[in-house]
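The primary structure of each chain is shown beneath.
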Amino acid sequence: MSLFPNRRTIFLLISLCVFSFYRCESIQTLLESKQTKETETSFPQIQGSLEKRDRYELIGREFMIATDHPLASQAGVEVWKQGGNVVDVFSAASFAISVLRPQSTGLFGGGFAIVYLPKKGKWAYDFRERSPKKGTATYFLNPDGTPNTGKILKGAFSVGVPGNVQGILKIQKQHGKLNLADVMAPAMRYAKNGFAVYADLANVVTKVWPEMNPEMQKVFGIDDRPIREGELLIQEDLFQTLQRIVENEEKEWIDGETTKRVSLYYQNFDEFICPEDWKEYQVKQMDPLVSNVWGYQLMTMPPPSSGVHLVTMMQLYNEMAKRKTFPKGKVGEVIQITEAMRVAYRDRAELGGDPKFSEVPVSKLISQSYINDEVSEIEKKVVSGNWKPIPKSVEPKDSYNTTHISVMDKEGNAVSSTQSINGIFGAVQMVPGTGLVLNNTMDDFSIAPGVPNLYGLVGSNANAIAPGKTPLSSMSPTILLETNGATKLVIGAPGGSQIPTSIFNTLYHYLVQKRNLYESVSFPRIHHQYLPDTLFLDPELKGTFPETELPFYQVQYSRHRAKVFVVSKEGDKLIGVSDPKGEGVPLGF
Ligand code: DON
């Protein structure tokens, strides 16, 4: 006899018991409850995370910044002390982190930012990479018509037209108080005087060393070998590029010495990025996507970010928690969370893309009628027990990069920004004489329907490559407001496809399970991204849900990659947490 009838029986029994013994709790009840749910107290912590709390959590009252490098947070403190505001802090930290985490982000990258200044307004900025004019779907096909996944993943053709410099300059000009030289000063110091190489940077330099072009090896090597932990990394060319940006501002990035040097490099690569690409680049400014969810107003980045899918995920969980048909308890929670994630990532795969090129039905995806219908479908499936995972799956490749900056002051002024060059050291190429590491963000496009990218994500024609188009992104910088508009929390993460689920997991533990902020960030996580049809659980969750109780999932225990950076307001306290998986710290006072 196959295992399936047994599994089904077990599942139905669990559902029946749960149905009989548990009162249905709406999310609102959960939010109002002062107690941690009994069923949750036995969850394990990530090993060692509690001991690290002193380093990764800070409480202040005036202002707080959380980033992935102590010196980037320090850059924020420095400009705050000079009379800067949260936007100056964001700009200083953004330029600084570009120098300090060249494996994660940089001037040749792109990103998103949400800015909330309660007395002035709220804005969303898309300064992500765009496809160059030459970027078309056929450009990345082999002569036999098959997709050339190597070409889009690494090297000079994997590069999108960058937006980080234009984006930071625009936001700074609109809302900053200090001048550009002041906010760029810490980054320039770190580039010119150098900083001590930390373990993660040393490891990835060694890992990608053979792929680096000679120019890049010169910067990240000493005596023709990869730079080591504890050695001083000086980036003189990058310092000069920063200096030219201070002098010429955005002109440097439209038709300056830097863009000329990039054009020279691209003479050997079919002029894939050409002078017109720089001239046509526009930072997009729009209203953030605002939605009421879990008792707060959630303000996030509209498409081509995945903010909308985070909202769908939270709404679906909310609706399942309200219905009496779903199992409760630990197993029930995992089933509800997993199913919410699965639907949200299915939407992402099928509909996600640049809204300028194809419609993303944002209002529909977060409407109550859509949520009701989807939950009814999940309900039928779960209660019938008649489903199995899609067996063929592609595992996402390992990658730790991208970065996030969360800032808030005591007035609730806040910035949430995620920035990236995509994979580890992006394209793993440096433009001679600039210190710029090229991104490999073209890989965030769907090279062909159903063909997975670096993160195992698939896409449809909505995310097909086209000139000037912005690739779909998992980056989802988010700010939460109380219903009266007071800022509650600033959050975001690097982590590729796992970004939306890292935010979901953290908010779930913080708002629903009422854990403290540090525990909520460091709690073992759950991840499902539709395809591969695999439930990824942090290794500490092994044994928490006997696999006989999760019969319909293909379970894999592996560490959630995303690193969460968050600042929350509790009364008059500002609490900052940098993910203990990372190298950063929150700073403030
Ligand atoms: O925009 C995206 O979805 C990706 N470029 C983000 C990459 C990332 O977070 C890598 N981190 N592990």
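Residues numbered from 1 in each chain as written. Predicted model: local features only at pLDDT ≥ 70, side-chain atom pairs only at ≥ 80, totals over all residues. Heavy atoms only, no water.

Per an unreviewed UniProt entry, the chain goes by Glutathione hydrolase proenzyme and derives from Leptospira kemamanensis. In its Sequence similarities (unreviewed entry) section, UniProt records this for the chain: "Belongs to the gamma-glutamyltransferase family." Its UniProt record gives the chain a comment under Pathway (unreviewed entry), which states: "Sulfur metabolism; glutathione metabolism." (UniProt positions renumbered as here; feature names shortened; annotations may be inferred.)

Caption draft 1: Molecular detail of the environment of Gly48. Note that Gly48 resides in the loop between helix 2 (27–32) and helix 3 (53–56). With relative accessibility at 28%, the residue Gly48 sits in the partly exposed group. Separated by 15 residues in the primary sequence, Gly48 and Phe63 place their C-alpha atoms 28 Å from one another. (Helix = DSSP H or I, 4+ residues; strand = E, 2+ residues; numbered from the N terminus. Buried < 20%, exposed > 50% of the residue type's maximum accessible area, 1.4 Å probe, protein only.)

Caption draft 2: Geometry of the site of the ligand. In the vicinity of the ligand, 16 residues are found, and the nearest of them are Asn401, Asp444, Ser473, Ser474 and Gly496. Separating an oxygen atom of the ligand from a backbone N or O atom of Gly496 is a distance of 2.7 Å. Taken together, the residues that form the shell around the ligand break down as 5 nonpolar, 9 polar and 2 charged. (Near = heavy atom within 4 Å. Polar contact = N/O pair within 3.5 Å; in protein donor to acceptor, adjacent residues only side chain to side chain. Nonpolar A, V, L, I, M, F, W, Y, C, P; charged D, E, K, R; others polar.)

Caption draft 3: Spotlight on the UniProt feature "active site" (unreviewed entry) in the chain. Sequence positions flagged by UniProt for "active site" (unreviewed entry) are, in local numbering, Thr402. Among the structural elements, Thr402 can be located in the loop between helix 18 (368–384) and strand 12 (403–409). Here the side chain of Thr402 touches Asn401 through a polar contact of 3.5 Å, side chain to side chain.

Caption draft 4: Geometry of the UniProt feature "binding site: L-glutamate" (unreviewed entry) in the chain. Per the UniProt record, "binding site: L-glutamate" (unreviewed entry) is annotated on Arg128, Ser420, Ile421, Asn422, Asp444, Ser473, Ser474 and Gly496. The greatest C-alpha distance among the residues just named is 14.4 Å, despite their covering 369 residues of sequence, which places them together in space. Among the residues examined, Ser420 registers a relative accessible area of 6% and is labelled buried. Among all residues touching Ser420, those that are not within four sequence positions of it are Ser104, Thr105, Gly109, Gly110, Glu129, Asn164, Thr402 and Met475. With respect to the helices and strands, Ser473 occurs in the loop between strand 15 (436–437) and strand 16 (478–481). Not counting residues up to four positions away in its chain, the partners in contact with Ser473 are Phe112, Arg128, Pro304, Ser305, Ser306 and Arg348. (Contact = heavy atoms within 4.5 Å.)

Caption draft 5: How the structure looks around the packing of aromatic side chains. Per the counting criterion, the structure on display carries 19 aromatic pairs. Aromatic side chains Trp294 and Tyr317 sit 5.8 Å apart centroid to centroid with 70 degrees between the ring planes, which places their arrangement in the edge-to-face category. One end of the pair, Trp294, is in the loop between strand 10 (289–293) and strand 11 (296–300); the other, Tyr317, is in helix 15 (residues 307–322), and 23 residues separate them in sequence. In this pair, the class of Trp294 matches that of Tyr317, namely buried. By the ring-pair criterion, three or more aromatic residues cluster together here, those being Tyr139, Phe140, Phe157, Tyr265, Tyr266, Phe269 and Phe272. When the ring centre of Tyr139 is taken as reference, the NZ or CZ atom of Lys151 above it lies at 4.2 Å. Across the ring face of Phe140, the terminal group of Lys151 is positioned such that the distance to the ring centre comes to 5.7 Å. (Phe/Tyr/Trp six-rings, centres within 6.5 Å; stacked < 30°, edge-to-face > 60°. Lys NZ or Arg CZ within 6 Å of the ring centre and 35° of its normal.)

Caption draft 6: Region of the structure containing the environment of Gly352. Checked against the element boundaries, Gly352 lands in the loop between helix 16 (329–351) and helix 17 (362–365). Under the relative-accessibility criterion, Gly352 is labelled buried at 2%. Along the sequence, Gly352 and Ser474 sit 122 residues apart, while their C-alpha atoms lie 9.9 Å from each other. In this view, Gly352 contacts Asp347, Ala462, Asn463 and Leu472; residues no more than four positions away in its chain are not counted.

Caption draft 7: Representation of the pattern of salt bridges within the structure. What the rule picks out here adds up to 34 salt bridges. When the shortest N-O distance is used, the salt bridge between Glu339 and Lys381 registers 2.7 Å. In this pair, Glu339 sits in helix 16 while Lys381 sits in helix 18, placing the two residues 42 residues apart along the sequence. On the basis of relative accessibility, which here comes to 0%, the residue Glu339 falls in the buried class. Among the salt bridges present, the one from Lys380 reaches Glu377, with a minimum N-O distance of 3.0 Å. (Salt bridge = Lys/Arg side-chain N within 4 Å of Asp/Glu carboxyl O.)

Caption draft 8: Inspection of the side chain of Asp444 at higher detail. Assignment of secondary structure puts Asp444 in the loop between strand 15 and strand 16. Assessed through its relative accessible area of 13%, Asp444 is described here as buried. Beyond its immediate stretch of four places on either side in the chain, Asp444 contacts Arg128, Asn422, Asn453, Tyr455, Asn463, Pro471 and Leu472.

Caption draft 9: Structural detail: the sheet that holds strand 9 (residues 284–286). Strand order in the open sheet formed by 7 strands is 9-4-3-13-12-2-23, and the pairing between neighbours is antiparallel. The two strands at the open ends of the sheet, each matched to only one other strand, are strand 9 and strand 23 (586–588). The average undirected angle you get between the axes of adjacent strands in this sheet is 10 degrees. When strand 4 (residues 121–127) meets strand 9, the two strands line up antiparallel, connected through 3 bridges. Paired with Ala124 across the strands is Met286, a residue of strand 9. Across the sheet, helix 5 (residues 86–100) is in contact with strand 2 (63–66), strand 3 (110–117), strand 12 and strand 13 (414–420); its angle to strand 12 comes to roughly 160 degrees. (Pairing = 2+ DSSP bridges. Axes fitted to C-alpha atoms, helices over the stretch in contact; angles between N-to-C directions.)

Caption draft 10: Main features of the nonpolar core. Core analysis: the largest hydrophobic core is formed by 92 residues, its most contacted members being Phe220, Leu242 and Phe425. Of the residues forming this core, the biggest block, 11 residues, is contributed by helix 5. If we ignore the near neighbours within four places in the chain, the residues touching Phe425 are Pro102, Gln103, Leu201, Val204, Val205, Val208, Met212, Met216, Phe220, Val437 and Leu438. If you look at the next biggest cluster of nonpolar residues, it comprises 85 residues, including Ile479, Ala493, Phe552 and Phe565. (Core = buried A, V, L, I, M, F, W, Y, C linked by side-chain atoms within 4.5 Å.)

Caption draft 11: Here's a closer look at helix 13 (residues 257–266). What helix 13 keeps buried is the set Thr258, Thr259, Val262, Ser263, Tyr265 and Tyr266. Angular distribution of buried residues about the axis of helix 13 spans 160 degrees; they occupy a single face of the element. Buried positions along helix 13 lie against helix 11 (236–248), helix 12 (252–255), helix 14 (275–280), strand 14 (430–431) and strand 15. (Arc of directions from axis to C-beta.)

Caption draft 12: Examining the sheet that holds strand 18 (residues 526–527) more closely. The strand order 18-19-20 describes an open sheet built from 3 strands, whose pairing is mixed. Of all the strands in the sheet, just strand 18 and strand 20 (555–557) have a single pairing partner and so form its edges. Two elements, strand 18 and strand 19 (residues 535–537), share 2 bridges in a ladder whose sense is antiparallel. Within the sheet, the bridge partner assigned to Ile526 lies in strand 19 and is Leu537.

Caption draft 13: Inspection of the side chain of Gln103 at higher detail. Its location among the elements puts Gln103 in the loop between helix 5 and strand 3. Of note is the side chain of Gln103, whose polar atom sits 3.3 Å from the side chain of Tyr198.

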